Amino acid sequence: MGCWAIGGPWTEAGRALGWGQVDDEESVRAVRRALDLGVTFFDTADTYGAGHGERVLGRALAGRRDEAVVATKWGYTFDESARQATGEDASPAYLRRAVTASLRRLGTDRIDLYQLHLGDLPVPRVEALLGTAEELVAEGLVRAYGWSTDRADRAAVFAQRGRHATAVQHSLSVLRDAPELLAVCDKLDLASVNRGPLGMGLLTGKYGAGATLPRDDVRGSAPTWLEWFRGGRPAPEWLRRVAAVRDVLTADGRTPAQGALGWIWARSGRTVPIPGCRTVAQVEENAGALRLGPLAPDHFAEVERRLAAVRSAALRDADRPHWPMPPIPSARP
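Values in this document were obtained by computation on a predicted structure and should not be read as measured data.

A. Expanded view of the environment of W238. With respect to the helices, strands and loops of the structure, W238 is situated in helix α8 (residues 236-249). When the C-alpha atoms of W238 and P297 are compared, they prove to be 24 Å apart, with 59 residues separating the residues in sequence.

As structure tokens, then:
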């Protein structure tokens, strides 16, 4: 379960970074329902809701902490009282302050996977953090650590030099494959934690060409690192890909979201998708994918065949000058 949305509203320079207003009591019910349905991995970040997301997750896991694997992130700074992002800090001293604060907000004595949130940080600056990260492991405050980055070369160096580096979090979905990062995970025996597995909602089938997201939703405020929406509307090049594969993803009775999760599991056995949820209903739908498992090999192959055709057609598409394919996203989420 991805826990970005349950952090609630917070902003950066007046621009929304959350998913709009959230009912904290429903968020708590959603986390507990996820546990009941066999979901064990919960991914959050200290910056989600400027600390509020960790507090909500900690409250939801109270009394059931040992049933969960808790992953959080550090690197971005924020003002919790003002619910605002304020910048970033990649220093070893801040790492130690950040883990102490996250442990307090989560109400736990250890973090199972602690992830660097600054995806574009140069490798030498990341290497300077490894000594402190290893100290945190030795002290029992962190069980393992990872990096949230879409840069395969950097993830490889980090994993090779960090003794307890066990995971890389990166973008992966039917809409955007990540062969280089998956290859790094195979070579270096890393878990592949997958953000954006449902394309921020596009792969649920809820958003068509006429949909418009409000300005208090990060998808409506459209920061530069967000690729699926433009000006609060679904980007047409991505909607075409969804349309091209929807019937294959749902061919064996799955919902579109369950099919998208099944594609990820069929893509690699190392994957741990973290679909975002903020209601019990969303949790129940996504958790239903556990029962169905990976897509069948023939369905997976058909999805790949259709997407190859769509990608080729996109090179000639008339609207591409107006809706250019975005660059590789930063790891901000």
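B. Spotlight on the state of the cysteines. Throughout the structure, instances matching the rule amount to zero disulfides. Residue C3 stays outside any disulfide, its sulfur separated by 8.1 Å from that of C277, the closest cysteine. On the basis of relative accessibility, which here comes to 0%, the residue C3 falls in the buried class.

C. Expanded view of the packing of helix α3 (residues 92-106) against helix α4 (residues 123-138). Closest axis-to-axis distance for the α3/α4 pair is 9 Å, and the angle between their directions is 30 degrees. Viewed along their axes, α3 and α4 adopt a mutual orientation that is roughly parallel. Crossing geometry of α3 relative to α4 is assigned as right-handed. The residues of α4 that touch α3, namely those facing P92, L95, R96 and V99, are A128, L129, T132, A133, E135 and L136.

D. How the structure looks around the packing of helix α5 (residues 152-161) against helix α6 (residues 179-188). The geometry of α5 relative to α6 is characterised by a closest axis approach of 9 Å and an angle of 15 degrees between their N-to-C directions. Classified by the angle between their axes, α5 and α6 sit roughly parallel to one another. As for the relative orientation of α5 and α6, their crossing is right-handed in sense. Along its contact with α5, which presents A152, A155, A156, A159 and Q160, the element α6 presents E180, L181, V184 and L188. In terms of residue class, the contact of α5 with α6 is made up of seven nonpolar, one polar and one charged.

E. Structural context of the layout of surface pockets. By volume, the largest pocket amounts to about 640 Å³. Lining the largest pocket are 36 residues, with W19, M200, G201, P275 and G276 sitting closest to its centre. Contributing elements (two or more residues each) for the lining of the largest pocket: β9 (165-171) and α10 (280-292). The dominant element in the lining of the largest pocket, judged by the number of residues it contributes, is α10, at three residues. Among the residues making up the lining of the largest pocket, the classes are represented as 18 nonpolar, eleven polar and seven charged. Put simply, the second largest pocket is a space of about 290 Å³.

F. Region of the structure containing empty space enclosed by the protein. Under the criterion given, the structure shown has four cavities of 30 Å³ or more. Here the largest cavity defines a volume of roughly 60 Å³. Along its surface, the largest cavity is lined by W74, L95, L116, V126, L129, L130, A133, Y145, G146 and F158. The dominant element in the lining of the largest cavity, judged by the number of residues it contributes, is α4, at four residues. Looking at the lining of the largest cavity residue by residue, the class counts come to nine nonpolar, one polar and no charged.

G. Fine view of helix α9 (residues 256-267). In this model, α9 (twelve residues) spans 17 Å end to end at C-alpha, consistent with the 16 Å of a helix rising 1.5 Å per residue. Here α9 lies mainly inside the structure; nine of its twelve residues are buried. Those residues of α9 that sit buried are P256, A257, Q258, G259, A260, L261, G262, W263 and I264.

What counts, and at which threshold
- Residues numbered from 1 in each chain as written.
- Predicted model: local features only at pLDDT ≥ 70, side-chain atom pairs only at ≥ 80, totals over all residues.
- Heavy atoms only, no water.
- Helix = DSSP H or I, 4+ residues; strand = E, 2+ residues; numbered from the N terminus.
- Disulfide = S-S within 2.5 Å.
- Buried < 20%, exposed > 50% of the residue type's maximum accessible area, 1.4 Å probe, protein only.
- Axes fitted to C-alpha atoms, helices over the stretch in contact; angles between N-to-C directions.
- Parallel < 35°, antiparallel > 145°, perpendicular 65-115°, else oblique.
- Left-handed = near helix turned anticlockwise from the far one by under 90°.
- Contact = heavy atoms within 4.5 Å.
- Nonpolar A, V, L, I, M, F, W, Y, C, P; charged D, E, K, R; others polar.
- 1 Å grid on protein atoms, 1.4 Å probe; cavity = no way out; pocket = protein on both sides within 12 Å on 5 of 7 lines; lining within 4 Å.
- Points joined across faces, edges and corners; volume = space filled by probe spheres on them.
- Expected span 1.5 Å × (residues − 1).

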